[in-house]
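# Notes for the structure review
So you can see what is in the structure, the chains are spelled out below.
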Amino acid sequence: MTDDQDQGRDQDQDQDQDQCQGKGKGQGVGAADGRTTVVIITRDRRDELLHTLDRLAELPERPPVIVTDNGSTDGTAEAVARLHPQVTLLRPGRNLGAVGRNVAVRQVRTPYVAFCDDDSWWAPGSLAAAADLLDRHPGLASVTARILVEPEGTEDPIVAELRSSPVPGPRWLPGPALGSVLAAATCMRTAAFRSVGGFSPRLWLGGEEELLAADLAALGWWLVFAPGPVIHHAPSDARDATARRVRGLRNTLWFTWQRRPLPAAARRTLFLARTVPRDRASLKAFAQALAGLPGTLAHRSVVPARVERGLRLLDETQRVSMARRYVG
């Protein structure tokens, strides 16, 4: 994409604000929007999921919702079937991790798919606002929303980094260009998601977005942060922070060696080795990454130079990030 595609960014931003107030072109009075399906993966968080589904059912866009139950044992699937019969419920019978989203997207018939977690939900008007941006900008693959942490309603610390993203992009973009996405707060073009095969089965869950985003960028797609659309996040207590840290660090290392040039991969690895907590979780993550290195290199395909330039700039900002810490 080039600057010749500039469509009046300031005007777009004014329109985007209007759309989040219920004025998006897909928002007829009392009519379903029809452009976006919401996809959720869940496991053993029945109460949080039911709360999220309640909120989604209240949205003026009235989106179709698909839930992949990753082998819950707490009655999640039964509760969804009973209390939200309009939801499409998928039960693969085992924990697929992020691949549960891929399974759900196979069922999507709308041009856009919005992801959220079982403890997060889209604000009224936000799906329409994101869809309007994707309608207007065919070079966009994804729109990542502003995240408000409940119950206080404060901005997640990651939002400041998204807002000030250093990744260069063309003038027509309706927000800052991103080098990755947040799966719990992003609306994507369905065809773009499918074009790269969705989330990697090998990464499973935890930092799985980096590889997907890099592969989209390599194909020429753009990813943006838009301040208008909002998603609410009420972090669940039912989570294993240490296990998430192990997988996140391992997957960061795998992504680095699978897509970055060798000098950049070496620098990133050394930086992580110096800065992550010196504990058993970090040791386990590095051990898993090393054990899986042959498989990683077997799938190695270095991103184009223009994509790598953005990733290098992100390396610098993440060195001082307060929101991206391998702790827990």
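Counting of residues starts from 1 at the beginning of each chain's written sequence and follows it residue by residue. In view of the model being predicted, local features appear only for residues whose pLDDT reaches at least 70, and side-chain atom pairs are presented and counted only at 80 or more, with totals across whole chains, interfaces and linings using the full set of residues. Side-chain descriptors were evaluated using all non-hydrogen atoms of the structure, hydrogens and water having been removed beforehand.

Looking only at helices and strands, one finds 13 helices and 9 strands in the chain. Throughout, a contact is declared for two residues whenever any of their heavy atoms are within 4.5 Å. In the chain, once contacts between residues fewer than 6 apart in sequence are set aside, the share between residues at least 24 apart is 80%. Shrake-Rupley sampling with a 1.4 Å probe provides the accessible areas, and residues are treated as covered by the protein chains on show and by no other component. Accessible area for the chain stands at about 14,500 Å²; split by element, carbon and sulfur atoms hold 54% of it. Secondary structure counts use DSSP, requiring at least four H or I residues in a row for a helix and at least two E residues in a row for a strand, with both numbered from the N terminus.

Let us now look at the side chain of Thr 296. Along the chain, the position of Thr 296 falls in helix 12 (residues 293–298). With sequence-adjacent residues up to four places away left out, Thr 296 is seen in contact with Arg 202, Trp 254, Trp 257 and Gln 258.

What follows concerns the packing of helix 8 (residues 209–218) against helix 9 (residues 241–259). It is at 9 Å that the axes of helix 8 and helix 9 come closest, and there the two elements cross at 25°. Of the possible angle classes, the one that applies to helix 8 and helix 9 is roughly parallel. Residues Glu 210, Leu 211, Ala 214 and Asp 215 of helix 8 touch helix 9, and the partners they reach there are Thr 252, Phe 255, Gln 258 and Arg 259. Residues are grouped as follows: Ala, Val, Leu, Ile, Met, Phe, Trp, Tyr, Cys and Pro are nonpolar; Asp, Glu, Lys and Arg are charged; every other residue, Gly included, is polar. In terms of residue class, the contact of helix 8 with helix 9 is made up of 3 nonpolar, 2 polar and 3 charged. A fitted line through C-alpha atoms represents every axis, and for helices the fit uses only the stretch in contact; the resulting angles, taken between N-to-C directions, go from 0 to 180 degrees. Should an angle lie under 35 degrees it is considered roughly parallel, over 145 roughly antiparallel, and from 65 to 115 roughly perpendicular; all remaining angles are considered oblique.

We now examine helix 5 (residues 126–136). Counting buried residues in helix 5 gives 9 out of 11 residues, a clear majority hidden from the surface. Within the sequence span of helix 5, burial applies to Ser 126, Leu 127, Ala 128, Ala 129, Ala 130, Ala 131, Asp 132, Leu 133 and Leu 134. Summary of the burial criterion: residues with accessible area below 20% of their type's maximum are buried, those above 50% are exposed, and those between are partly exposed, where the area comes from a 1.4 Å probe applied to protein chains only.

Confidence of the predictor at the level of single residues is given by pLDDT, which spans 0 to 100. Across the chain, the average pLDDT comes to 90, with 88% of residues at 70 or higher. Predicted confidence is poor over residues 1–29, with pLDDT under 50, and the contacts of this stretch with residues over four places away or in other chains come to 50 contacts.

Let us now look at the pattern of salt bridges. Within this document, salt bridges are pairs made up of a side-chain nitrogen of Lys or Arg and a carboxyl oxygen of Asp or Glu, the two lying within 4 Å of each other. As enumerated under the stated definition, the model contains 16 salt bridges in all. Between Asp 118 and Arg 45 there is a salt bridge; the shortest N-O distance is 2.6 Å. Pair noted here: Asp 118 is in the loop between strand 4 (112–116) and strand 5 (120–122) and Arg 45 is in the loop between strand 1 (36–42) and helix 2 (46–57), with a separation of 73 residues, a long-range link. On the basis of relative accessibility, which here comes to 2%, the residue Asp 118 falls in the buried class. Its relative accessible area of 12% is what places Arg 45 among the buried residues. Each member of the salt-bridge network shares a partner with another, and the members are Asp 33, Arg 35, Asp 132 and Asp 135.

Here the focus is the pairing of strand 2 (residues 65–69). Along strand 2, 5 of the 5 residues are buried, which leaves the element largely enclosed by surrounding structure. Residues of strand 2 alternate between two faces, with Val 65, Val 67 and Asp 69 on one and Ile 66 and Thr 68 on the opposite face, all of them buried. Any two strands between which DSSP finds at least two bridges are classified as paired. One ladder, built from 5 bridges, connects strand 1 with strand 2; its direction is parallel. Following the sheet pairing, Ile 41 is matched in strand 2 by Thr 68. Viewed with both strands pointing away, a crossover whose connecting path from the first strand over the helix to the second turns clockwise is right-handed. What joins strand 1 to strand 2 is helix 2, and the crossover it makes is right-handed. This β-α-β element, strand 2 to helix 3 (residues 76–83) to strand 3 (residues 88–90), shows right-handed connectivity.

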